[in-house]
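What the coordinates show
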Amino acid sequence: MWWTVGGLMAVAVASGIAEHRRRNRRDMDKVGIMPWPFIQFMALIGAAIAGWLAMKGVG
């Protein structure tokens, strides 16, 4: 279960980096379609739930 927490945290960090790069892009016309803040939020919630389950001993 801890591997799941680590994987989701890696996704959250990667989406934070991607959102930072999207906000600081040189060409403002190249927007992109990925909702990075939503992906980061869902990954953090998933990591919190998985961490809670891992501490509880489920799985």
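Model, not experiment: these values are computed from the prediction.

Scanning the protein from N- to C-terminus turns up 2 helices and 0 strands. Since a compact globule built from 59 residues should have a radius of gyration of about 10 Å, the 14 Å found for the protein marks it as more spread out than a globular shape. By the burial criterion, 17% of the 59 residues in the protein qualify as buried. Residue pairs at least 24 apart in sequence account for 78% of intrachain contacts in the protein once pairs closer than 6 positions are excluded. Accessible area of the protein: about 4,700 Å², with a carbon and sulfur share of 70%.

Taking 1.5 Å as the rise per residue, helix H2 (residues 36-56) with 21 residues should run 30 Å; its terminal C-alpha atoms sit 30 Å apart, in good agreement. Listed in full, the buried residues belonging to H2 are Ala-43, Ala-47, Ala-50, Gly-51 and Ala-54. Projected down its long axis, H2 carries its buried residues within an arc of 105°, all on one side. Pointing more than 90 degrees away from the buried face of H2 are the exposed residues Phe-38, Ala-48 and Lys-56. After H2 finishes, the residue Gly-57 shows a positive phi value of roughly 95°.

Our focus in this paragraph is the environment of Ala-43. Structurally, Ala-43 is set in helix H2. Contacts of Ala-43, omitting those with residues within four sequence positions, involve Leu-8, Val-11 and Ala-12.

Here we come to the packing of helix H1 (residues 2-23) against H2. Geometry of a packed helix pair, given as the angle between the helix axes and the separation of the axes. Where H1 meets H2, the axes come as close as 8 Å, and the angle between the chain directions of the two elements is 160°. As far as their axial angle goes, H2 and H1 are roughly antiparallel. The hand of the H1/H2 crossing is left-handed. Contacts between H1 and H2 involve Trp-2, Thr-4, Val-5, Leu-8, Met-9, Val-11, Ala-12, Ser-15, Gly-16, Ala-18, Glu-19 and Arg-22 on the former and, on the latter, Trp-36, Pro-37, Ile-39, Gln-40, Ala-43, Leu-44, Gly-46, Ala-47, Ala-50, Gly-51, Ala-54 and Met-55. Looking at the contact of H1 with H2 residue by residue, the class counts come to 16 nonpolar, 6 polar and 2 charged.

So, how was this worked out
- Residues numbered from 1 in each chain as written.
- Predicted model: local features only at pLDDT ≥ 70, side-chain atom pairs only at ≥ 80, totals over all residues.
- Heavy atoms only, no water.
- Helix = DSSP H or I, 4+ residues; strand = E, 2+ residues; numbered from the N terminus.
- Rg over C-alpha atoms; globule rule 2.2 N^0.38 Å.
- Buried < 20%, exposed > 50% of the residue type's maximum accessible area, 1.4 Å probe, protein only.
- Contact = heavy atoms within 4.5 Å.
- Areas by Shrake-Rupley, 256 points an atom, 1.4 Å probe, with all protein chains shown as cover.
- Expected span 1.5 Å × (residues − 1).
- Arc of directions from axis to C-beta.
- Axes fitted to C-alpha atoms, helices over the stretch in contact; angles between N-to-C directions.
- Parallel < 35°, antiparallel > 145°, perpendicular 65-115°, else oblique.
- Left-handed = near helix turned anticlockwise from the far one by under 90°.
- Nonpolar A, V, L, I, M, F, W, Y, C, P; charged D, E, K, R; others polar.

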